[in-house]
Amino acid sequence: MSRWWNKLAARGVLEKVHISIKIKTLPAIIALVIVGLSHVLLDGIIHSDIEPLRAFGYDYPFYRLINISHLHYILTFCGFVGIALMFIRFRWK
């Protein structure tokens, strides 16, 4: 995937936004844990059949914690912030 992105970025305005071909182990593990846990947490807010805490009991206090539409807005906003930060980071490299 990084090779595809780098080819795409090299063709135009995004030439400074390249991704290293070699992925470091520790950042990859940290990202895997964060993404895995947050995905289960967010699915538990939306879906009633997700029971990530089943070993400790059947209640899941996060189900319908916030309105689903609001959650979608928050996640979309976070996505845009992440993309903006990526471009800002690579602009000053």
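Residues numbered from 1 in each chain as written. Predicted model: local features only at pLDDT ≥ 70, side-chain atom pairs only at ≥ 80, totals over all residues. Heavy atoms only, no water.

### Notes on the overall build of the protein chain
And step 1. A count of helices and strands for the protein chain gives three helices and zero strands.
And step 2. Across the protein chain, helices and strands are ordered from the amino to the carboxyl terminus as α-α-α.
And step 3. Expressed as a percentage of its 93 residues, the buried residues of the protein chain come to 11%.
And step 4. Expressed as a percentage of contacts within the protein chain between residues at least 6 apart in sequence, the contacts between residues at least 24 apart total 25%.
And step 5. Summing over all exposed atoms, the protein chain offers an accessible surface of approximately 8,100 Å²; the carbon and sulfur share of this is 69%. (Helix = DSSP H or I, 4+ residues; strand = E, 2+ residues; numbered from the N terminus. Buried < 20%, exposed > 50% of the residue type's maximum accessible area, 1.4 Å probe, protein only. Contact = heavy atoms within 4.5 Å. Areas by Shrake-Rupley, 256 points an atom, 1.4 Å probe, with all protein chains shown as cover.)

### A look at helix H3 (residues 68-91)
And step 1. Across its 24 residues, H3 extends 35 Å between first and last C-alpha, which sits within 8% of the 34 Å expected from 1.5 Å per residue.
And step 2. A side-chain oxygen of the first residue of H3 lies 2.8 Å from the backbone nitrogen of Ser 69; this N-cap is Asn 67. (Expected span 1.5 Å × (residues − 1). Polar contact = N/O pair within 3.5 Å; in protein donor to acceptor, adjacent residues only side chain to side chain.)

### Remarks on the packing of helix H2 (residues 25-46) against H3
To characterise two packed helices, one gives the angle between the axes of the helices and the distance between these axes.
And step 1. The contact between H2 and H3 brings their axes to 10 Å, and the two run at 150°. As the angle between them shows, H2 and H3 are arranged roughly antiparallel. Our pair here, H2 against H3, has a crossing hand that is left-handed. Residues Leu 42, Ile 45 and Ile 46 of H2 form the contact with H3, whose participating residues are Ile 68, Leu 71, His 72 and Leu 75. (Axes fitted to C-alpha atoms, helices over the stretch in contact; angles between N-to-C directions. Parallel < 35°, antiparallel > 145°, perpendicular 65-115°, else oblique. Left-handed = near helix turned anticlockwise from the far one by under 90°.)

### Thoughts on unusual backbone geometry
With glycine set apart, most residues show a phi of negative sign, and most peptide bonds adopt trans.
And step 1. The phi torsion at Arg 64 lies on the positive side, around 60°, for a residue other than glycine.
And step 2. Summarising the element assignment, Arg 64 is placed in the loop between H2 and H3.

### So, the confidence of the model for the protein chain
And step 1. Confidence along the protein chain averages 81 in pLDDT terms, with 80% of residues attaining 70 or more.
And step 2. H2 holds the highest mean pLDDT among the elements of the protein chain, 90, whereas helix H1 (residues 2-10) holds the lowest, 69. (pLDDT = per-residue confidence, 0-100.)

### Some remarks on the environment of Tyr 63
And step 1. Tracing the backbone through its elements, the reader meets Tyr 63 in the loop between H2 and H3.
And step 2. Put simply, Tyr 63 and Asp 43 are 20 residues apart on the chain and 8.7 Å apart in space, counted from C-alpha to C-alpha.
And step 3. Apart from residues no more than four positions distant in its own chain, Tyr 63 is found in contact with Gly 44, Ile 45, Ile 46, His 47 and Ser 48.
And step 4. Of note is the side chain of Tyr 63, whose polar atom sits 3.3 Å from the side chain of Arg 64.

### A closer look at a nonpolar patch on the surface
And step 1. A cluster of nonpolar side chains, contributed by Leu 41, Phe 62, Leu 65, Ile 66 and Ile 74, occupies part of the molecular surface with about 400 Å² of accessible area.
And step 2. Along the chain, Leu 41 turns up in helix H2. (Patch = residues over 30% accessible without salt bridge, like charges linked within 9 Å, V, L, I, M, F, W, Y side chains within 5 Å. Salt bridge = Lys/Arg side-chain N within 4 Å of Asp/Glu carboxyl O.)

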